[in-house]
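Residues per chain, in single letters:
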Amino acid sequence: MAMQEISRLASEHPITPDGRYFVVRNRLWRMSDPSLSGAERDRLVGELMQARRAVGQAKRKNDHEAEAHARRQVDRAKIALGERGPAWWSDGAPDFNRCMIGNTPYAAWFEALPLK
């Protein structure tokens, strides 16, 4: 993830000290794999945005088949970005993606933040 994107995200949502997650409404969401090159990440984010637009278009048309296809494209892009699927870190730490932060080892860190 580019430093500018990390700075923008951090200003809106806390990022865990290990850089693995950001927090939205007390839930952890996995960050993109930092080992991706900027060009690769940009390409994948473009695919993700295109797929999300396709979901919206399909929903507006009430086209369930197209929506299902677009949602699969969203999932593929998020897996390629490292935001879903196997964890991108290799130290054996468990993945807390989508977990409520209070039920994770990050709870004390989050509670100590000045503004949430």
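Residues numbered from 1 in each chain as written. Predicted model: local features only at pLDDT ≥ 70, side-chain atom pairs only at ≥ 80, totals over all residues. Heavy atoms only, no water.

### Comments concerning the overall build of the protein
The line we're drawing: Helix and strand assignments come from DSSP, with helices taken as H or I runs of at least 4 residues and strands as E runs of at least 2, each series counted from the N terminus. Working definition: with a 1.4 Å probe on protein chains only, accessible area under 20% of the residue-type maximum means buried, over 50% means exposed, and in between means partly exposed. Whether two residues touch is decided by their heavy atoms; if any such pair falls within 4.5 Å, the residues are in contact.
When you go through the protein residue by residue, the secondary structure sums to 4 helices and 2 strands. Starting at the N terminus, the α and β elements of the protein follow one another as α-β-β-α-α-α. The buried share of the protein, taken over its 116 residues, is 32%. Of the contacts made within the protein by residues no fewer than 6 positions apart, 58% connect residues no fewer than 24 positions apart.

### A few points about the pairing of strand S2 (residues 27-30)
What counts, and what does not: A pair of strands counts as paired when DSSP detects no fewer than two bridges linking them.
Here S2 shows a clear split, with Leu28 and Arg30 buried on one side and none of Arg27 and Trp29 buried on the other. Sheet topology note: the strand S1 (residues 21-24)/S2 ladder contains 4 bridges and is antiparallel. Residue Phe22 lies in a different strand from S2, and its bridge partner there is Trp29. Between S1 and S2, which pair antiparallel in sequence order, lie 2 residues; one of them, Arg25, sits at a positive phi of approximately 50°.

### Details of helix H2 (residues 38-60)
Filter applied, for reference: Under the convention used throughout, the expected extent of a helix is 1.5 Å for every residue step, that is, one less than its residue count.
An ideal rise of 1.5 Å per residue puts 33 Å on 23 residues; H2 measures up with 33 Å between its terminal C-alpha atoms. Taken residue by residue, H2 has Arg41, Leu44, Leu48, Ala51, Val55, Gly56 and Ala58 as its buried positions. Count one or two residues on from H2 and you reach Asn62, which has phi positive near 55°.

### Re the pattern of salt bridges
Going by this rule: We define a salt bridge as a side-chain nitrogen of Lys or Arg found within 4 Å of a carboxyl oxygen belonging to Asp or Glu.
Counted under the stated rule, the structure contains 8 salt bridges. Residue Asp18 pairs with Arg20 through a salt bridge whose shortest N-O separation is 4.0 Å. Glu47 is the salt-bridge partner of Arg43, the closest N and O atoms lying 2.3 Å from each other. A residue pair is termed a helical-turn pair when its members lie 3 or 4 positions apart in one helix, as Arg43 and Glu47 do in helix H2 at 4 residues. The class of Glu47 is partly exposed, set by a relative accessible area of 36%. Salt bridges linked by common partners bring Asp18, Arg20 and Asp91 together as one network.

### Description of the packing of aromatic side chains
Note the threshold: Any two rings among Phe, Tyr and Trp, with Trp reduced to its six-membered ring, count as a pair given centres within 6.5 Å; such a pair is stacked if its planes are under 30 degrees apart, edge-to-face if over 60, and tilted if neither.
Applying the stated criterion across every chain, the model contains 5 aromatic pairs. For the pair Trp88 and Trp89, a centre-to-centre distance of 5.0 Å together with 85° between the ring planes defines the contact as edge-to-face. Where Trp109 meets Phe110, the ring centres are 6.2 Å apart and the plane angle is 45°; that geometry is what we call tilted. The class for Trp109 is partly exposed, based on a relative accessible area of 22%. Through a chain of ring-to-ring contacts, three or more aromatic side chains come together here, namely Tyr21, Trp88, Trp89, Phe96 and Tyr106.

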